[in-house]
Structures are given as structure tokens and as C-alpha cells.
Amino acid sequence: MSYSSATTDVRTAEGGDVLALPLVGLGTYGLRGEAGYRSLRDALEVGYRLLDTATMYENEDEVGRAVADAGLPDVRITTKLRQSHAGREDEFLDRSLRLLRVDVLDLWLIHWPPDGQARPDVWERMVAARDAGRVRAVGVSNYSLAQIDELTAATGVTPAVNQVKWGPALHDADLLAAHRDRGVVLEGYSPFKATDRTAEPLRAAADRHGVSVEQVVVRWHVQHGVVVIPKSGDRDRQARNLDVDGFALTDDEVAAIDALGR
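Along each chain, the written sequence defines residue order, and numbers are assigned to residues from 1. In keeping with the predicted nature of the model, local features appear solely for residues at pLDDT of at least 70, side-chain atom pairs appear and are counted solely at 80 or more, and the whole-chain, interface and lining totals rest on all residues. Side-chain metrics in this entry use all non-hydrogen atoms of the structure; hydrogen atoms and water are not considered.

Asker: I would appreciate a short explanation of helix α2 (residues 60-70) in the present structure.
Answerer: Because an α-helix completes one turn every 3.6 residues, residues spaced three or four positions apart along the sequence face the same direction. Three or more residues of α2 are buried, namely Glu60, Glu62, Val63, Gly64, Ala66 and Val67. To qualify as a helix, a DSSP run of H or I must reach at least 4 residues; to qualify as a strand, a run of E must reach at least 2; elements of each kind are numbered from the N terminus. Where α2 terminates, the next one or two residues include Gly71, which has phi positive at roughly 65°. Remark: exposure states derive from per-residue accessible area (1.4 Å probe, protein chains only) relative to the maximum for the residue type, with buried under 20%, exposed over 50%, and partly exposed in between.

Right, here's the structure in full:
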């Protein structure tokens, strides 16, 4: 097997250093309790070095315990501030750091726009946490470009990451380019739910390379430079989804898959 080791650079400060974020991580929604802990340990053992959690997932303790018990120095952790916790950023950052068993969080996101609004005041407090050294990088999730621009205009600081639902059926080249123009890394969740896995371009590429459709979807994200966080509690599926460095999609294959989003 050839597990993905590709990374992308995420800004940690305006004009400052960058954080190397793996392009393939594990979504952890639903991985709770002892079974969830075991699945998280499996993921780390097969090679995942990015775990994505959130306050609302109620599994930060399991994530933190799995990472601590694994004893690996290079695991990146993302968590998210629940939109209903706007105004209580420091309180819930303290809670997340405690449950995750870390002194500094790698990436902290606003999970959804609070009340559907960009909320520069919330963003300012997250940036302050970054500047205080409690978080390495800060970003948003499920924000529109207009909302990202509002944060930038109000504070002078652009989110390092925008995590959104993404997959071949949702591909939008202009949206991806617009994020890059702003220096925002796009991160995709629910890649398989956002995909018709019976689509001919995916099945054809899978057959041609001798891999699964899911591996094609993950590889497509990697070749576009989009961070992808497929979710699975099954060790074999975890390993398969990460095993995407042993093949590359051709330009024609990428273009055919891109066309699924039109």
C-alpha cells in the first residue's frame, strides 16, 4: 500500500509561518465511546495524521485520548466552535484543549456562520486566540465567499481554511480558484455523500487503475489540492481511503470527473 503523505500549507499568521496540513485526513463524526476510540487508534495506526472533530461531535475526549495514547508527534487536530457558542469562544477553547489533551490546537474553525451571519466579532476573538499562541491556525466552515470577504474587510485577517461539503458532483472550478486567490485552503467533508459513486468517469478510472471508486474520489481531491476528510470507523476502509499515492489520475480523467459538477 502507498499511503498519502501529501500536505498543503495553511497560514498561521498574516505574512508569517505556515502549518503543513495533510491533504487526506479522517472525519470523526459518530466515532464516540470505546468503539470510537478504537477506530481512532486504528486510523492513526494505518497512517492518518489529521483528525477532524468538533465540539458538537461530542468526541473530543476520544480523539484526545487516541492521539495521546498513540504517542505520535506529528498528528494534526482540527476542532470547531459550535455556532451557538458564539460569544463564549475562550470558554469552549479551554474545554477543547482540555479534552484534546493539547496545549495548542492546530486548527480551529467556526463550524457554521452563527445565525447565518459572518460575525466578525466572533472571528476577532478566534484570531486573538491564535495571536496569543493557543491556536496555530484559524478558519471557518460552511462560509460563503461573501462572508469570508466580510471577515477580511472587518478585521484584516482572512480565514486560513474554509471547510465545506465537497466532491465531484459539487465541483466548482471558479469557487476553488476564488478561494485560492484569497489564500484560503478549501477542505472538503462528506466526499462520498457528495458523489454518485456509480458515475461512469469514476467507475472507469477505478477499473483502469485497479482501485476503488472511493480511492478515485480521494485522489481527485488530492490532485486538486483540496484537503479531504472521509469518515469511516472501519480499519480496512480507513486504510483503503488513505492508499492513494500509488496511482495518479490522468488529465483526461480529472476533467471527466470535474464535469460531474456541471
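Asker: For this particular structure, what's the right way to read the pairing of strand β7 (residues 135-141)?
Answerer: Residues in a regular strand point their side chains to alternate faces of the sheet. Most of β7 is tucked away: six of the seven residues are buried. For strand β6 (residues 105-110) and β7, the ladder comprises five bridges, and the chain directions are parallel. Looking at the pairing, Leu109 lines up with Gly139 of β7. For the handedness criterion, the β-α-β arrangement of β6, helix α4 (residues 120-131) and β7 is classed as right-handed. We treat two strands as partners when DSSP finds at least two bridges between them. One ladder, built from two bridges, connects β7 with strand β8 (residues 161-165); its direction is parallel. Within the sheet, the bridge partner assigned to Val140 lies in β8 and is Asn162. If the strands point away from the viewer and the path from the first strand over the helix to the second runs clockwise, then the crossover is right-handed. With helix α5 (residues 145-155) bridging β7 and its parallel neighbour β8, the resulting β-α-β unit is right-handed.

Asker: Please clarify how unusual backbone geometry should be interpreted in this entry.
Answerer: Look at Glu58: it is not a glycine, yet its phi comes out positive at around 55°. Of note, Glu58 is situated in the loop between β4 (50-52) and α2. Here Glu58 falls in the partly exposed class, since its relative accessible area comes to 49%. Not every positive phi belongs to a glycine, and Arg101 is a case in point at roughly 65°. The topology assignment puts Arg101 in the loop between α3 (89-100) and β6. The exposure class assigned to Arg101 is partly exposed, which follows from its relative accessible area of 41%.

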